[in-house]
Amino acid sequence: MESLPAQPLRLSSLALFGAFFQAGLMGFGGVLPMIRRVMVEDRKWLTPAEFNELISLCQFLPGANVANMAVIFGSRVCGPQGSVAALLGLLGAPVAIVLVIAELYARYGELAPVRHMVTGLSAGAAGLILATALKIAMPLRTSPLNLVVAALAFAALGIVRLPFLPSLCVLVPLSMVLAGWKLRA
Amino acid sequence: MSHLLALALIFAELSFLAIGGASTTLPAMEHAVVHQQHWMSATEFVRLYALAQAAPGPNMLAVTLFGWEVSGIAGAIVATLAFLLPACALAFVMGHLWVRFRDRQWRKVVQAGLVPVTAGLMVAAAYLLVRDAAVDWRALVLSAGVAIGCLFTKRHPLWFLGLAALAGLIGFR
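Residues numbered from 1 in each chain as written. Chains lettered and ligands numbered in written order. Predicted model: local features only at pLDDT ≥ 70, side-chain atom pairs only at ≥ 80, totals over all residues. Heavy atoms only, no water.

**Q** Give a description of the overall build of chain B that names residues and reports values.
**A** When helices and strands are tallied, chain B shows seven helices and zero strands. Each helix (α) and strand (β) of chain B, taken in turn from the N terminus, gives the series α-α-α-α-α-α-α. Projected onto its principal axes, the C-alpha positions of chain B cover 60 × 45 × 25 Å. Out of the 173 residues belonging to chain B, those deemed buried represent 57%. Put simply, of all contacts in chain B between residues at least 6 apart along the chain, 59% involve residues at least 24 apart. On chain B, roughly 7,100 Å² of surface is accessible, and the fraction owed to carbon and sulfur atoms is 68%. On chain B, the mean spot of the 11 positive side-chain charges and the mean spot of the 7 negative ones are 15 Å from each other. (Helix = DSSP H or I, 4+ residues; strand = E, 2+ residues; numbered from the N terminus. Buried < 20%, exposed > 50% of the residue type's maximum accessible area, 1.4 Å probe, protein only. Contact = heavy atoms within 4.5 Å. Areas by Shrake-Rupley, 256 points an atom, 1.4 Å probe, with all protein chains shown as cover. Lys, Arg positive; Asp, Glu negative; His and termini not counted. Charge placed at Lys NZ, Arg CZ, Asp CG, Glu CD.)

The structure is reproduced here in structure tokens:
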């Protein structure tokens, strides 16, 4: 990348912890936009191009994308302890908050108003992921082959409920062969 | 103890298989914790998922609550760490190797190949959660309404979640 700074960026564990703490706590319904704001716009640790490069790596890897980002960025600027600091910052407060919510739900979940509210919330959360899924799936409509692979993945896991690992062992190589064939053509 | 071990094994395996993000493993999680282990009902599964969405932080916090439902705080910690550590260890190693392979042709093929599988898994996740949340026709309408709202307006998702909770409070009596 052309935009690499002459001096590689070095940060303290504390600075990393603080930045990811802020992003994790302010990130509702997706932390990635918040991490971008904190690291690119506020602190200017990364240029937009470097940030996009980092996202593409995190999406290439399995697991939660934002956790991968904390680990990789943390290790680049502060070594292994940087990874740990960024990850703890990202997840510490949200895990504590979600457990408080869960304990409250356990205590008051049987009350009729709470039960009705959570029923509505569940339908809403399901609607949210439906919108996300459609946003990801829509660009595939220009490619019949991709649509077939996506439909197979949907049917295998959503309808027939085949075991996950064997399904991926078939679908992912198949999809890669098709992608390689198309990239060459 | 055996529950904690089972939680650790289930979520550690899914950690490596979470292509394109944590949400693609939701169908497999639902299958494991609801239909195989019978730790919770499908309704409870989607309720915990929804509570995690109402909290700040990454989408993967739903994993924390699935663990919590099975074994309380210990279960929450075990499930969270099991889902995090394998993928994070891989990320730690690959983060340093990325410069070496990011421009290779095979990297582009792998990434392009993952896209349609990710899309199919996300649609499967959405289908299962909508189905699990649909206690009656009103819930189904609410899910559809939120999905349409998110697709065609620029409003923040949290706004729709709040509206859905309010609709539940008023409409599901």
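That covers the picture; the talk isn't over yet.
**Q** Describe in detail the UniProt feature "transmembrane region" (unreviewed entry) in chain B, supporting the description with residues and values.
**A** In the numbering adopted here, UniProt assigns the feature "transmembrane region" (unreviewed entry) to residues 73–97 and 109–129 of chain B. Annotation note: span residues 73–97 of chain B, helix share 100%, strand share 0%, distance between end C-alpha atoms 36 Å. (UniProt positions renumbered as here; feature names shortened; annotations may be inferred.)

**Q** Pulling in residues and values, what's your account of the pattern of salt bridges?
**A** Across all of its chains, the model carries seven salt bridges over all chains by this definition. Where Glu53 of chain A meets Arg102 of chain B, a salt bridge forms, and the shortest distance between an N and an O atom there is 3.6 Å. With one member in each of two chains, Glu53 of chain A in helix α3 (residues 48–60) and Arg102 of chain B in the loop between α4 (61–101) and α5 (105–133) form a pair that bridges those chains. Accessibility assignment for this pair places Glu53 of chain A and Arg102 of chain B in one class, buried. (Salt bridge = Lys/Arg side-chain N within 4 Å of Asp/Glu carboxyl O.)

**Q** Go over the UniProt feature "transmembrane region" (unreviewed entry) in chain A with me, naming the residues and quoting the values.
**A** Residue and element names in this part refer to chain A. According to UniProt, the feature "transmembrane region" (unreviewed entry) maps to residues 12–33, 54–73, 85–106, 118–138 and 150–181 in the numbering used here. As a span, residues 12–33 carries 73% helix and 0% strand, and end to end its C-alpha atoms are 23 Å apart. A helix fraction of 88% and a strand fraction of 0% characterise residues 150–181, whose end C-alpha atoms lie 17 Å from each other.

**Q** An account of the confidence of the model for chain A is needed here, citing residue identities and associated values.
**A** Residues of chain A with pLDDT of at least 70 account for 97%, and the chain-wide mean is 93. Within chain A, the lowest mean pLDDT, 92, falls on α3 of chain A, and the highest, 97, falls on helix α4 (residues 65–108) of chain A. (pLDDT = per-residue confidence, 0-100.)

**Q** Give a detailed account of the layout of surface pockets, specifying residues and quantitative values.
**A** Here the largest pocket is characterised by a volume of approximately 1,400 Å³. Of all elements in the fold, only α2 (32–42), α3, α4 and α5 (112–137) of chain A together with α3 (42–54) and α5 of chain B reach the threshold of two or more residues within the lining of the largest pocket. The greatest single-element share of the lining of the largest pocket, amounting to six residues, is contributed by α2 of chain A. Taken domain by domain, the lining of the largest pocket gets at least three of its residues from each of domain 1 (13–111) and domain 2 (132–184) of chain A. (1 Å grid on protein atoms, 1.4 Å probe; cavity = no way out; pocket = protein on both sides within 12 Å on 5 of 7 lines; lining within 4 Å. Points joined across faces, edges and corners; volume = space filled by probe spheres on them. Domains from an automatic or database assignment.)

**Q** Tell me what's going on with the nonpolar core, and back it up with residues and numbers.
**A** Grouped together as the largest cluster of nonpolar side chains are 122 residues, with contacts concentrated most on Ile35 and Phe73 of chain A together with Phe11 and Phe66 of chain B. In terms of residues, this core owes the most to one element, α4 of chain A, which gives 18 residues. Counting only domains with at least three residues in this core, you end up with domain 1 (13–111) and domain 2 (132–184) of chain A. (Core = buried A, V, L, I, M, F, W, Y, C linked by side-chain atoms within 4.5 Å.)

**Q** Can you break down the interface of chain B and chain A residue by residue, with the values?
**A** In this complex, chain B contributes 97 residues to the contact, which on the side of chain A involves 84 residues. There are two salt bridges connecting chain B and chain A. Between Glu30 of chain B and Arg161 of chain A there is a salt bridge, with its nearest N and O atoms 2.8 Å apart. Here chain B is connected to chain A by 17 residue pairs in polar contact (both at pLDDT 80 or more). Breaking the side of chain B that touches chain A down by element, the ones donating at least two residues are α1 (2–17), α2 (26–36), α3, α4, α5, α6 (137–152) and α7 (157–171) of chain B. Considering every element that reaches the side of chain B that touches chain A, the biggest residue donor is α5 of chain B, with 27 residues. Broken down by class, the residue content of the side of chain B that touches chain A amounts to 67 nonpolar, 21 polar and nine charged. (Polar contact = N/O pair within 3.5 Å; in protein donor to acceptor, adjacent residues only side chain to side chain. Nonpolar A, V, L, I, M, F, W, Y, C, P; charged D, E, K, R; others polar.)

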